[in-house]
Amino acid sequence: MFANENDVEWTDIGPTDTGFRRKQLGRAAGGEGLGCSLYELPAGERAWPYHYHTRNEEALYVLDGTGSLRLPDEERELTPGTYVALPTGERGAHRVVNDANDVLRYLAMSTMEEPDVVGYPDADAVGVYAGSPPGGDEEKRVLSGFFETEDRVDFWETIGDH
């Protein structure tokens, strides 16, 4: 039920152009239906690729530093004290960018529903999570993967007769 950020280990995430780290505070506190992670995004870096969730609502709260948030039709400045609600679906698509000179620290909260499908509009791809939601326990996941949308198959030709 409780977690102190000083007792939670950092996890480094992403290749060089998206290098950032997080502490999964919600998991450390035993949260199941609500996730919360502390992120540190170094100067010049970008967090997760531009995406949206079809099942999980997300929110951000900026603690320290400044940056920008890419949204479907605009880019918004992020400053300490900024809270952003990100609904499900394409209207909630987003990406955090640290275009400043200092580390950007923020909390990211999320409902932890599964299954979830994540859309990646820039890559024309989707991610699928079942058994454990994004940010959840990967060992409990029964199905996950990333697919380009052009890889769609016709149900009856590919699966229907098997």
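Kindly report on the overall build of the protein chain, identifying the contributing residues and their values.
A count of helices and strands for the protein chain gives two helices and 13 strands. Relative to the 2.2 N^0.38 estimate, which gives 15 Å for 162 residues, the radius of gyration of the protein chain is 17 Å and therefore close to what a compact globule would have. Summarising its shape, the C-alpha atoms of the protein chain cover approximately 55 × 35 × 30 Å along the three principal directions. Relative to its 162 residues, the protein chain shows a buried fraction of 40%. The contacts in the protein chain between residues at least 6 apart in sequence include a share of 57% that link residues at least 24 apart. With 14 positive and 32 negative side-chain charges, the protein chain shows a spacing of 4 Å between the two charge centroids.

Give a description of the layout of surface pockets that names residues and reports values.
Considered as a void within the structure, the largest pocket measures approximately 920 Å³ in volume. Considering the residues around the largest pocket, the lining is formed by 43 residues, among which Met-112, Pro-133, Pro-134, Gly-135 and Gly-136 are closest to the centre. Looking at the lining of the largest pocket, the elements with two or more residues in it are β2 (20-24), α1 (25-28), β3 (34-41), β5 (58-64), β9 (95-97), β10 (104-111) and β11 (116-120). Sorting elements by how many residues they give to the lining of the largest pocket places β3 first, with five residues. When its residues are assigned to classes, the lining of the largest pocket shows 18 nonpolar, 15 polar and 10 charged.

Before we move on, can you summarise the environment of Tyr-83 with the specific residues and values?
Inspection of the secondary structure puts Tyr-83 in strand β8 (residues 83-86). When the C-alpha atoms of Tyr-83 and Ala-108 are compared, they prove to be 9.8 Å apart, with 25 residues separating the residues in sequence. Apart from residues no more than four positions distant in its own chain, Tyr-83 is found in contact with Ala-59, Leu-60, Tyr-61 and Met-109.

Pulling in residues and values, what's your account of the nonpolar core?
Among soluble globular proteins, nonpolar side chains are generally buried collectively. Counting residues in hydrophobic clusters, the biggest one holds 16 residues, and the most contacted among them are Leu-41, Leu-60, Leu-69, Leu-78, Val-96, Leu-104 and Tyr-106. Of all the secondary structure elements, the ones that give two or more residues to this core are β3, β5, β8 and β10. Per-element accounting of this core gives the leading share, three residues, to β10.

An account of the pattern of salt bridges is requested, with residue identities and associated values reported.
The full count for this structure, using the stated rule, is seven salt bridges. Measuring nitrogen to oxygen at the nearest pair gives 3.4 Å for the salt bridge that ties Arg-105 to Glu-5. In this pair, Arg-105 is assigned in strand β10 and Glu-5 in the segment before β1 (11-13), connecting sequence segments 100 residues apart. In this structure Glu-5 comes out as partly exposed when scored by relative accessible area, which is 29%.

Cut-off values and rules
- Residues numbered from 1 in each chain as written.
- Predicted model: local features only at pLDDT ≥ 70, side-chain atom pairs only at ≥ 80, totals over all residues.
- Heavy atoms only, no water.
- Helix = DSSP H or I, 4+ residues; strand = E, 2+ residues; numbered from the N terminus.
- Rg over C-alpha atoms; globule rule 2.2 N^0.38 Å.
- Buried < 20%, exposed > 50% of the residue type's maximum accessible area, 1.4 Å probe, protein only.
- Contact = heavy atoms within 4.5 Å.
- Lys, Arg positive; Asp, Glu negative; His and termini not counted.
- Charge placed at Lys NZ, Arg CZ, Asp CG, Glu CD.
- 1 Å grid on protein atoms, 1.4 Å probe; cavity = no way out; pocket = protein on both sides within 12 Å on 5 of 7 lines; lining within 4 Å.
- Points joined across faces, edges and corners; volume = space filled by probe spheres on them.
- Nonpolar A, V, L, I, M, F, W, Y, C, P; charged D, E, K, R; others polar.
- Core = buried A, V, L, I, M, F, W, Y, C linked by side-chain atoms within 4.5 Å.
- Salt bridge = Lys/Arg side-chain N within 4 Å of Asp/Glu carboxyl O.

Coordinates in, geometry out; function isn't part of it.
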